[in-house]
Amino acid sequence: MCAALLVCLWHPDSATRAYAQSTAYLHSLEQEIVRLVERVEPTVASVIVQRKFIHSVNGQTFTDWERSIGTGVVLHRDGYIITTAGVVDHAHDILVNFQDGRYRLGRLVGVDMLSNIAVIRVDSVSVHSARLGDSDNASPGSWVLVMNNAHGFPSSMTTGIVNGVREEDVMMQISAVAGGDFSGGAVFSTSGRLLGLVADPRRGQSSASDMLGGEGAGVISVIPINRVKTFARQLIEYGEIRRSWLGVFVEKIWDSISIGGDRNIMLGTGEGMEVTDVYPDSPAMKVGLRKGDVLLAVNGVPMNHPIILAEFVTTLPAGSRIEIRYLRGNTENTVHTVLAPQPKPLDSPASPLFVEDGTEDSLSREDPRLIQQMIMEHEKELAAHRLKLNQLKRLLDERLRQMGPRSVALPGDDGF
């Protein structure tokens, strides 16, 4: 019987059927990805940013211009587009290029460097807005499509796998091979829902991703869409993010494990955080929190990392009433307080090299010939990029021809 089973398993007809089934499955999977791209690609745009700098050398002043291209995603048919702060930071002029080839002047609605989120607006869009997903339901192991327009259309894209949300920076971690040009790129679920934006690799990069080589080494950081929605709504309504404030310094509680000699390994306990200081006249001080208390939970949500507390508090509007559970000595206590608006930090001095005219749309008052020149230069850059790709393809074809015919037949070759 065993011999008969082996014959059956290795029978050429069985192998042919298995090969045909796997081929049909791969073709079906490929078509699903193609249909997904067709649905979501129109919602992804190229954001062309021009920055103006003033330099002074030996008493001589001259103007310098810098141009960069990033990715934006259509949030609403009213013309709102979301991207990362690094794409539009210090923008003097903004142009948005859609898949249909149309250009629109962009106006910066709001940018928040801390959350790395920005919103721009154009007068009209010719495509539907992206369908927003729920990043809290993005389970580890889920497949995603990552898409960006740093080189215009067609979009650059790759697939990835959700690893989960990192505790230390509340970023969604995805396994995917994507270079730094994917900053601001859109991350879609297999159902076509937007799950987040690829974070600028210079911002919010955790020590874990540093150890892995950072973005481009197989791991990318994504700002979850639930976080983007919360902050983008405030940028549209107020032009800024109005954060709430509790007024405590907290520190993760660590245990040490001896590994011999004087060497120890520090491990987080995962059970609350120690209050190391309390701001005067803060909501925390008004309810009696003090140095040495162990913060356990806020509104029933366990607080095991400072970033979790910061994210939880700052996403609630000022005036929100919260419940705090904490430990003092061996006694557990519960208090209630009302969050206050976050105090404004001292204004940092403006960079002497960057010039911003403070208007909503600097391009709208410029000579139309300057706008046309910006578009032409962008098109020229895209043409040069496509030319380089074609040259590389021709070089590959030439190398394959030089290698000559293969001496070993491969599956699918004639005579196999």
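Remember, it's a predicted structure, so these values are computed and weren't measured experimentally.

## Description of the overall build of the protein chain
Now for step 1: A tally of regular secondary structure across the protein chain gives eight helices and 21 strands.
Now for step 2: Of the contacts made within the protein chain by residues no fewer than 6 positions apart, 63% connect residues no fewer than 24 positions apart.
Now for step 3: When the accessible surface of the protein chain is totalled, it reaches about 23,800 Å², and 55% of it is carbon and sulfur.

## What about the pairing of strand β8 (residues 143-148)?
Now for step 1: Of all six residues in β8, five are buried, a share of seventy percent or more.
Now for step 2: Of the strand pairs in this sheet, β8 and strand β9 (residues 156-165) are connected by six bridges, and their pairing is antiparallel. The residue of β9 that forms the bridge with N148 is S156.

## With respect to the nonpolar core
Now for step 1: Counting residues in hydrophobic clusters, the biggest one holds 27 residues, and the most contacted among them are V73, I82, V119, L145, F188, L194 and V228.
Now for step 2: Mapped onto this core, the elements with two or more residues apiece are α2 (12-40), β3 (80-83), β6 (117-122), β8, β11 (186-189), β12 (193-198) and α5 (225-238).
Now for step 3: Sorting elements by how many residues they give to this core places α5 first, with five residues.
Now for step 4: Ignoring any residue separated from it by four or fewer positions in sequence, one finds L194 in contact with V73, I82, A130, R131, L132, G133, A186, V187, F188 and I225.
Now for step 5: Core analysis: the next-biggest nonpolar cluster, separate from the first, contains 19 residues, A284, L309, V313 and V335 among them.

## Quick notes on the environment of G329
Now for step 1: Summarising the element assignment, G329 is placed in the loop between β19 (321-328) and β20 (331-338).
Now for step 2: Classification of G329 by relative accessible area gives exposed; the value is 61%.

## Considerations on the confidence of the model for the protein chain
Now for step 1: With 70% of its residues at a pLDDT of at least 70, the protein chain reaches an overall mean of 75.
Now for step 2: Ranking the elements of the protein chain by mean pLDDT puts helix α4 (residues 207-211) last, at 38, and β12 first, at 93.
Now for step 3: A low-confidence stretch, residues 406-416 stays under pLDDT 50, and its non-local contacts, those more than four residues away or across chains, total four contacts.

## Quick notes on a nonpolar patch on the surface
Now for step 1: On the surface, a nonpolar cluster with roughly 400 Å² of combined accessible area is contributed by Y25, L26, L29 and I33.
Now for step 2: Tracing the backbone through its elements, the reader meets I33 in helix α2.

## Concerning the packing of aromatic side chains
Given two aromatic rings, their pairing is described by the distance between the two centres and the angle made by the two planes.
Now for step 1: Overall, the coordinates contain two aromatic pairs when judged by the stated rule.
Now for step 2: Where F249 meets Y279, the ring centres are 5.1 Å apart and the plane angle is 25 degrees; that geometry is what we call stacked. Note that F249 is positioned in strand β15 (residues 248-258) and Y279 in the loop between β16 (264-278) and α6 (283-286), a separation of 30 residues in sequence.
Now for step 3: The cationic tip of R243 hangs over the ring face of F231; the distance from NZ or CZ to the ring centre is 5.4 Å.

## Notes on unusual backbone geometry
Now for step 1: Phi is positive for N116, which is not a glycine, with a value near 65 degrees.
Now for step 2: Along the polypeptide, N116 turns up in the loop between β5 (103-112) and β6.
Now for step 3: According to the relative accessible area criterion, N116 is buried, its value standing at 3%.
Now for step 4: Of note in the backbone geometry, D281 takes a positive phi value of approximately 60 degrees without being a glycine.

## Focus: α5
Residues lying three or four places apart along an α-helix face the same way, a consequence of the helix completing one turn every 3.6 residues.
Now for step 1: In this model α5 runs 20 Å from its N-terminal to its C-terminal C-alpha over 14 residues, within 8% of the 20 Å that 1.5 Å per residue would give.
Now for step 2: Taken together, the buried positions of α5 are I225, N226, R227, V228, F231, A232, Q234 and L235.
Now for step 3: Taken from the residues just after α5, G239 is the one with a positive phi, measuring 80 degrees.

## Let's talk about the side chain of S221
Now for step 1: With respect to the secondary-structure elements, S221 resides in strand β13 (residues 219-224).
Now for step 2: Classification of S221 by relative accessible area gives buried; the value is 2%.
Now for step 3: Reaching out from S221, the side chain makes a polar contact with the side chain of R166 at a distance of 2.7 Å.

## Comments concerning the environment of M171
Now for step 1: Mapping M171 onto the fold places it in the loop between β9 and β10 (172-175).
Now for step 2: Among the residues examined, M171 registers a relative accessible area of 5% and is labelled buried.
Now for step 3: Sequence separation between M171 and V222 is 51 residues; the distance between their C-alpha atoms is 5.7 Å.

## Things to note about the pairing of strand β4 (residues 93-97)
Now for step 1: Summarising burial for β4: five of the five residues are buried, a large majority.
Now for step 2: Covered by surrounding structure in β4 are D93, L95 and N97 together with I94 and V96, the residues of both alternating faces.
Now for step 3: When β4 meets β5, the two strands line up antiparallel, connected through three bridges. Bridge pairing links N97 to Y103 in β5.
Now for step 4: A loop of five residues connects β4 with β5, the two strands running antiparallel in sequence, and G101 in this loop sits at a positive phi of about 90 degrees.

## Re the pattern of salt bridges
Now for step 1: Under the defined criterion, the tally for this structure stands at seven salt bridges.
Now for step 2: Close ionic contact of R328 with D293 constitutes a salt bridge, the shortest N to O distance being 2.8 Å. Of the two residues, R328 sits in strand β19 while D293 sits in the loop between α6 and β17 (294-298), which places them 35 residues apart along the sequence.
Now for step 3: The residue R325 makes a salt bridge to E332 at a minimum N-O spacing of 3.3 Å.
Now for step 4: Judged by relative accessible area, R325 falls into the partly exposed class, the value being 30%.
Now for step 5: Note on E332: relative accessible area 46%, which makes it partly exposed.

About the thresholds
Residues numbered from 1 in each chain as written. Predicted model: local features only at pLDDT ≥ 70, side-chain atom pairs only at ≥ 80, totals over all residues. Heavy atoms only, no water. Helix = DSSP H or I, 4+ residues; strand = E, 2+ residues; numbered from the N terminus. Contact = heavy atoms within 4.5 Å. Areas by Shrake-Rupley, 256 points an atom, 1.4 Å probe, with all protein chains shown as cover. Buried < 20%, exposed > 50% of the residue type's maximum accessible area, 1.4 Å probe, protein only. Pairing = 2+ DSSP bridges. Core = buried A, V, L, I, M, F, W, Y, C linked by side-chain atoms within 4.5 Å. pLDDT = per-residue confidence, 0-100. Patch = residues over 30% accessible without salt bridge, like charges linked within 9 Å, V, L, I, M, F, W, Y side chains within 5 Å. Salt bridge = Lys/Arg side-chain N within 4 Å of Asp/Glu carboxyl O. Phe/Tyr/Trp six-rings, centres within 6.5 Å; stacked < 30°, edge-to-face > 60°. Lys NZ or Arg CZ within 6 Å of the ring centre and 35° of its normal. Expected span 1.5 Å × (residues − 1). Polar contact = N/O pair within 3.5 Å; in protein donor to acceptor, adjacent residues only side chain to side chain.

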